[in-house]
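Chain and residue survey
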Amino acid sequence: MWAAALIKGGRPAEVPRAVNTPDVRDLHPEDFNILGAAALAEGKPTEAVKWLKEAVRRAPNRPWYHFNLSIALEKSGDKQGAAHERLIALEHGDSRLAKRTDPVLIAWLEFPL
């Protein structure tokens, strides 16, 4: 979770540069999820779609990646794609996603407060 470490370490400006290096293969799917959630928080849904599609590609059975992608797609105007991703998220079986409207980070789902 390299991108997460850079963000938490106060070095978010280094993440895009790091992600564009040949070492992108070494990134964990959660790194892409975090980058997507960060892009959504910054009001950049198109950028979020890019990161979240990669998270989904690398870990297709993680419902919260599909859920976050649904939010990004909806905010970028793709209502049909958003509905499809939300359905996949719910089919993968995390009922906590049914009522959420904000992006989900893995820590929230695995270690709820």
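Overview of the structure. (Residues numbered from 1 in each chain as written. Predicted model: local features only at pLDDT ≥ 70, side-chain atom pairs only at ≥ 80, totals over all residues. Heavy atoms only, no water.)

Examining the packing of helix α4 (residues 45-58) against helix α5 (residues 63-75)
Operational definition: Orientation is described by axes fitted as lines to C-alpha atoms, over the contacting stretch for helices, and by angles from 0 to 180 degrees between their N-to-C directions. The helix count covers DSSP runs of H or I at least four residues long, the strand count covers runs of E at least two residues long, and both are numbered beginning at the N terminus. Every angle not falling under 35 degrees, over 145, or within 65 to 115 is termed oblique; those three ranges are roughly parallel, roughly antiparallel and roughly perpendicular. In this scheme the handedness of a crossing depends on how the near helix is turned from the far one: anticlockwise by less than a right angle means left-handed, clockwise means right-handed. Between two residues, a contact is recorded if the distance between any of their heavy atoms is within 4.5 Å. Under the grouping applied here, Gly and all other residues not named as nonpolar or charged are polar, the nonpolar ones being Ala, Val, Leu, Ile, Met, Phe, Trp, Tyr, Cys and Pro and the charged ones Asp, Glu, Lys and Arg.
Between α4 and α5, the shortest axis-to-axis distance is 9 Å and the interhelical angle comes to 155°. Considering their axes alone, α4 and α5 lie roughly antiparallel with respect to each other. Seen from above, α4 lies across α5 with left-handed handedness. The residues of α5 that touch α4, namely those facing Pro-45, Ala-48, Val-49, Leu-52, Lys-53, Ala-55 and Val-56, are Tyr-65, His-66, Asn-68, Leu-69, Ala-72, Leu-73 and Lys-75. Across the contact of α4 with α5, the residue classes break down as 10 nonpolar, two polar and two charged.

Structural notes on the pattern of salt bridges
For the record, the criterion: Any Lys or Arg side-chain nitrogen found within 4 Å of a carboxyl oxygen on Asp or Glu counts as a salt bridge. Each residue is placed in one exposure class: buried if its accessible area under a 1.4 Å probe, protein chains only, is under 20% of its type's maximum, exposed if it is over 50%, and partly exposed if it falls in between.
In the structure shown here, the tally under the stated rule is three salt bridges. Glu-42 is the partner of Lys-44 in a salt bridge, and the nearest nitrogen-oxygen pair spans 3.4 Å. Glu-42 sits in the exposed class, given a relative accessible area of 54%. For Glu-54, the salt bridge identified is with Arg-58, shortest N-O distance 2.6 Å. Remark: Arg-58 and Glu-54 occur in helix α4; sequence separation between them is four residues, near one turn of the helix. Classification of Glu-54 as buried rests on a relative accessible area of 17%. Judged by its relative accessible area of 26%, Arg-58 falls in the partly exposed class. Three or more residues are tied together by salt bridges with common partners; here these are Glu-54, Arg-57 and Arg-58.

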